[in-house]
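Structural overview for review
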Amino acid sequence: MKRISVVLTLAIGFLFLTPIFTFPSFSGFSGFSGGSAATNDPLMIVTAPTHREMSGKFLDDTLIEDLSFGGKLAEVLKPSVKSRTWLIDPSVIEEIIDMSDGYTVLPKVKGAGEEIATQFLVDLKYAIGNDPVYALPYGSPKISTRKKFSDVEFSQLQSVSSVRLARALDRAVTAGAPPNWSETPQELSSMNISEFRTLRKQLALISQASNDLVISETAIRLNTLLNPKLDKKSSQYLAVSFTGAVNRIADKLRVLPGRYTLTSRQEKLPITIVNDFDAPAKVVLTARATNSRILSIEERALYLQPNSRTQVLVPVTAIASGKVELLAQLETLRGDKYQEISTLAVTIAVISPIVGWVMAIAGLLLIGAAGTRIFRRLRKARNGSGDK
């Protein structure tokens, strides 16, 4: 299935600042709602929870029913002589476009709604005609809740949503809602809010290290977790799905564990750092020993090329032989801890100068003692022969 890519800098820039989240639903679309804009034109609202998980696969094929004649979404296609105002969630349109390209229903079933989705898009564009179109926030999150996280982020979300809807419909779109329109009060699960808060925070941390598009796309898809129409089953499934997706994104940047042996007091450890992002990453490498056999190690600021494995030579000073673990970790340039600690096992086989002197002196004493003993034997042998 082809995925609609985020290609505009505006969208990308916003998503680095705010993680946003998308959740599939089994409860169906809301179709459209009647209302009125400032011009008194009928207001057509096209919105719904998504049927897709983060991978892009569809959870089910029930969207076919909503797009077919008599379905919830098909209602917006009814002809009208009067001008209408449209308020559309871009995530819904992107989902239908995905269907029209060919799609997969979990686990690995070919979707059956390509033709229906293709025809719906044609009919929708015809129904809209030259009517004004406004973009709902991507994923139709509860606006009052989303704005509580950040008014600035919400303003950026509106801009990004209009860009993506304009791209999907291939026409001009206005960001935000029509004048005098307000969302219908609806309850939102506290669990969904908590999951959104946690994942948003994780994505914000990751975006400090890299600006890869996968971070931004996940961030905008995250918004639909705040869609009040998500049912409990969908919310739970998608919370797991998105948590896994965010963890996999974070793991794209990591320190590889390893084993090392030091044979001198001053050495450079070759620590390997992986950047699996398709974009550069900027991080700080920190490392500390679990005991005093190794002195403190200076932090290293690093610029990592896309899709790279970089070996960093880290100077270390050993002061005693034995075993020690180095706890290596990446940080952002702001000093925030990134991911878990990676353990490096180090064996120190170093003879200290003091021990070396002691061994040298002991060796000389042994040589001296051996020489004295030989000398005494030779002298005794000579004395014995002289007596004869």
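Since we're looking at a predicted model, the values are computed, not measured.

1. With respect to the packing of helix H7 (residues 190–209) against helix H9 (residues 232–250)
Closest axis-to-axis distance for the H7/H9 pair is 10 Å, and the angle between their directions is 10 degrees. By the angle between their axes, H7 is roughly parallel relative to H9. Facing Met191, Asn192, Glu195, Leu199, Gln202, Leu203 and Ile206 of H7, the residues of H9 in contact are Ser235, Gln236, Ala239, Phe242, Thr243, Val246, Asn247, Ile249 and Ala250. For the contact of H7 with H9, a count of residues per class yields 9 nonpolar, 6 polar and 1 charged.

2. A few points about the sheet that holds strand E11 (residues 300–304)
Strand order in the open sheet made by the 5 strands is E8-E14-E13-E10-E11, with mixed pairing throughout. On the outer flanks of this sheet lie strand E8 (258–262) and E11, each paired with one strand and no other. Geometrically, the sheet is characterised by an average inter-axis angle of 30 degrees between neighbouring strands, direction not taken into account. The pairing of strand E10 (residues 281–289) with E11 spans 5 bridges and is antiparallel.

3. Quick word on the packing of helix H3 (residues 90–101) against helix H6 (residues 151–169)
As a packed pair, H3 and H6 sit with axes 9 Å apart at the nearest point and diverge in direction by 35 degrees. Crossing handedness for the pair H3 and H6: left-handed. On H6, the residues touching Pro90, Ile93, Glu94 and Ile97 of H3 are Ser161, Arg164, Leu165, Ala168 and Leu169. Each residue belonging to the contact of H3 with H6 can be placed in one class, and the counts come to 6 nonpolar, 1 polar and 2 charged.

4. Some points on the environment of Ser308
Secondary-structure assignment places Ser308 in strand E12 (residues 308–317). With near-sequence residues (within four places) excluded, Ser308 lies in contact with Ile273, Val274 and Asn275.

5. Observations concerning unusual backbone geometry
Following Leu106, the chain continues into Pro107 via a peptide bond in cis, with omega recorded as 0 degrees. Tracing the sequence through the fold places Pro107 in the loop between strand E3 (104–105) and strand E4 (109–110). Its identity as a non-glycine residue notwithstanding, Ser140 has a phi of 55 degrees, on the positive side. By the element assignment, Ser140 lies in the loop between strand E5 (133–135) and helix H5 (143–149).

6. Concerning the nonpolar core
Within the largest apolar cluster, 49 residues are counted, with the highest numbers of intra-cluster contacts made by Ile206, Leu253, Leu285, Ile294 and Val346. Ranked by residue count, the leading element in this core is H9, at 6 residues. Leave out the neighbours within four places in its chain, and Val346 touches Tyr260, Leu262, Leu269, Ile294, Gly322, Lys323, Val324 and Leu326. In this structure, Leu63, Leu67, Leu165 and Ala168 belong to the second largest nonpolar core, which totals 30 residues.

7. Observations regarding H7
Given 3.6 residues to a turn, an α-helix orients residues that are three or four positions apart in the same direction. For H7, with 20 residues, the first-to-last C-alpha span of 30 Å sits near the 28 Å given by 1.5 Å per residue. When H7 is considered as a whole, its buried residues turn out to be Asn192, Phe196, Leu199, Arg200, Leu203, Ile206, Ser207 and Ala209. The arc enclosing the buried residues of H7, seen along the axis, measures out at 160 degrees, which places them on a common side. Summarising the geometry of H7, the exposed residues directed more than 90 degrees from the buried face are Ser190 and Lys201.

8. Digging into the pattern of salt bridges
Once the charged atoms of two side chains with opposite charge are near each other, the side chains can pair. Taken as a whole, this structure holds 9 salt bridges when the rule is applied. Between Lys337 and Glu331 there is a salt bridge, and its shortest N-O distance comes to 2.5 Å. You can call Lys337 partly exposed: its relative accessible area is 48%. Overlapping salt bridges bring together Arg52, Glu95 and Asp98 as one network.

9. A short note on the side chain of Asp212
Tracing the backbone shows Asp212 in the loop between H7 and helix H8 (213–220). It turns out Asp212 is buried and unbridged, and the closest side chain with the opposite charge, Lys252, is 6.3 Å from it. Only 2.4 Å separates the side chain of Asp212 from the backbone nitrogen of Asp278, close enough to count as a polar contact.

What counts and how
Residues numbered from 1 in each chain as written. Predicted model: local features only at pLDDT ≥ 70, side-chain atom pairs only at ≥ 80, totals over all residues. Heavy atoms only, no water. Axes fitted to C-alpha atoms, helices over the stretch in contact; angles between N-to-C directions. Helix = DSSP H or I, 4+ residues; strand = E, 2+ residues; numbered from the N terminus. Parallel < 35°, antiparallel > 145°, perpendicular 65-115°, else oblique. Contact = heavy atoms within 4.5 Å. Nonpolar A, V, L, I, M, F, W, Y, C, P; charged D, E, K, R; others polar. Pairing = 2+ DSSP bridges. Left-handed = near helix turned anticlockwise from the far one by under 90°. Core = buried A, V, L, I, M, F, W, Y, C linked by side-chain atoms within 4.5 Å. Buried < 20%, exposed > 50% of the residue type's maximum accessible area, 1.4 Å probe, protein only. Expected span 1.5 Å × (residues − 1). Arc of directions from axis to C-beta. Salt bridge = Lys/Arg side-chain N within 4 Å of Asp/Glu carboxyl O. Lys, Arg positive; Asp, Glu negative; His and termini not counted. Polar contact = N/O pair within 3.5 Å; in protein donor to acceptor, adjacent residues only side chain to side chain.

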